[in-house]
Amino acid sequence: MTSVENRARLVLGNWKMHGNLAENAALLTELRAADAASHCEIGICVPFPYLAQAASALTGSSVSWGAQDVSAHEKGAYTGEVSGAMLKEFGCRWALAGHSERRVLHGETDEAVAAKAQAALAAGLTPVVCVGESLADREAGNTLAVIERQLKPVLALGADAVSRMVLAYEPVWAIGTGRTASPEQAQEVHGAIRAALRALGAAQVQVLYGGSVKAANASSLFAMTDIDGALVGGASLVADEFLRIAAI
Ligand code: PGA
């Protein structure tokens, strides 16, 4: 299924810090079994230790996998970090960059997020760059200014780089709260992101929406012109729910 400008729909799961080998095995088996039934491209971003498990369960299926973070550095004395080349060795397609939990809990700056996206591209991964305003930003009327500020160093990487990325708009107040942005609220921001992409010459970049997406609210979000899919947290841990979103 495609949107107005023929951008393919993409539904990505973000497992966050959930899972264990046994639970993952069951979830991966269900995803693999059902992948032919989904109407769009689907992928999952799993914790680093489970990349090998995802690779072995999903190789040969149409479900892709990736990581939830990537180092901005190629190699070196960066204890605890994981490079894009390492992710590539485990067959990753995706690397999230700048999820709000990384920005808020780990102090990732807009510039650091852009550097991560650039490192992911250099390793042959597709970075999924996340942006989104806090509730205070929204209530102060600063939503679009915040998104613009977060995107600035990413867009500064240029049209060639940006056209190889995926963006995700995830209002912080909608993440894990059960409070989704209305389709109109989401479209307003997606429309602004699209305008910035178009000005750069990268209008075809997929822009996902994230924040309490479920099967029950996904179709009204997907009906919006500039929403090209979803980045799904909690609901991606339940195969049936996740696959229902992908089947819309
Ligand atoms: P949620 O998380 O779907 O659980 O709100 C989305 C995300 O943080 O990517």
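Please read these numbers as outputs of a predicted model, since none were measured by experiment.

1. Side note on helix α10 (residues 215-222)
Here's step 1: Within α10, the full set of buried residues consists of A215, N217, A218, L221 and F222. Axial view of α10: buried residues confined to an arc of 155 degrees, hence all on one face.

2. Quick word on the site of the ligand
Here's step 1: Close to the ligand lie 13 residues, the nearest being K16, H99, E170, G176 and S212.
Here's step 2: Taking E170, its side chain carries an N or O atom lying 2.6 Å from an oxygen atom of the ligand.
Here's step 3: Classifying every residue of the shell around the ligand by side-chain character gives four nonpolar, seven polar and two charged.

3. Quick word on the pattern of salt bridges
Here's step 1: Scanning the model with the defined rule gives 16 salt bridges in all.
Here's step 2: The partner of D226 in a salt bridge is R7, and the shortest N-O contact between them spans 3.8 Å. Taken together, the residues span a long stretch of sequence, with D226 in the loop between α10 and β8 (229-232) and R7 in the segment before β1 (10-14) at a distance of 219 residues. Note on accessibility: D226 and R7 belong to one class, buried.
Here's step 3: Two residues, E108 and R102, come together in a salt bridge whose shortest N-O distance is 3.0 Å.
Here's step 4: Through salt bridges with shared partners, one network takes in R7, R194, D226 and D228.

4. Observations concerning the UniProt feature "binding site: substrate" (unreviewed entry) in the protein
Here's step 1: Within this numbering scheme, the UniProt entry marks N14, W15, K16, G176, S212, G233 and G234 as carrying the feature "binding site: substrate" (unreviewed entry). Taken along the chain, the residues just named run across 221 residues; in space they keep tight, none of their C-alpha pairs more than 13.6 Å apart.
Here's step 2: Its location among the elements puts N14 in strand β1.
Here's step 3: Other than its neighbours up to four places away in sequence, N14 contacts C45, Q68, L96, H99, L231, V232, G233 and S236.
Here's step 4: Side-chain polar atoms of N14 contact the backbone nitrogen of K16, separated by 3.0 Å.
Here's step 5: Structurally, W15 is set in the loop between β1 and α1 (21-34).
Here's step 6: In this structure W15 comes out as buried when scored by relative accessible area, which is 1%.
Here's step 7: Setting aside residues up to four positions removed in sequence, W15 forms contacts with N24, L27, L28, I44, C45, V46, P47, Q68, S236 and L237.

Criteria and thresholds
Residues numbered from 1 in each chain as written. Predicted model: local features only at pLDDT ≥ 70, side-chain atom pairs only at ≥ 80, totals over all residues. Heavy atoms only, no water. Buried < 20%, exposed > 50% of the residue type's maximum accessible area, 1.4 Å probe, protein only. Helix = DSSP H or I, 4+ residues; strand = E, 2+ residues; numbered from the N terminus. Arc of directions from axis to C-beta. Near = heavy atom within 4 Å. Polar contact = N/O pair within 3.5 Å; in protein donor to acceptor, adjacent residues only side chain to side chain. Nonpolar A, V, L, I, M, F, W, Y, C, P; charged D, E, K, R; others polar. Salt bridge = Lys/Arg side-chain N within 4 Å of Asp/Glu carboxyl O. UniProt positions renumbered as here; feature names shortened; annotations may be inferred. Contact = heavy atoms within 4.5 Å.

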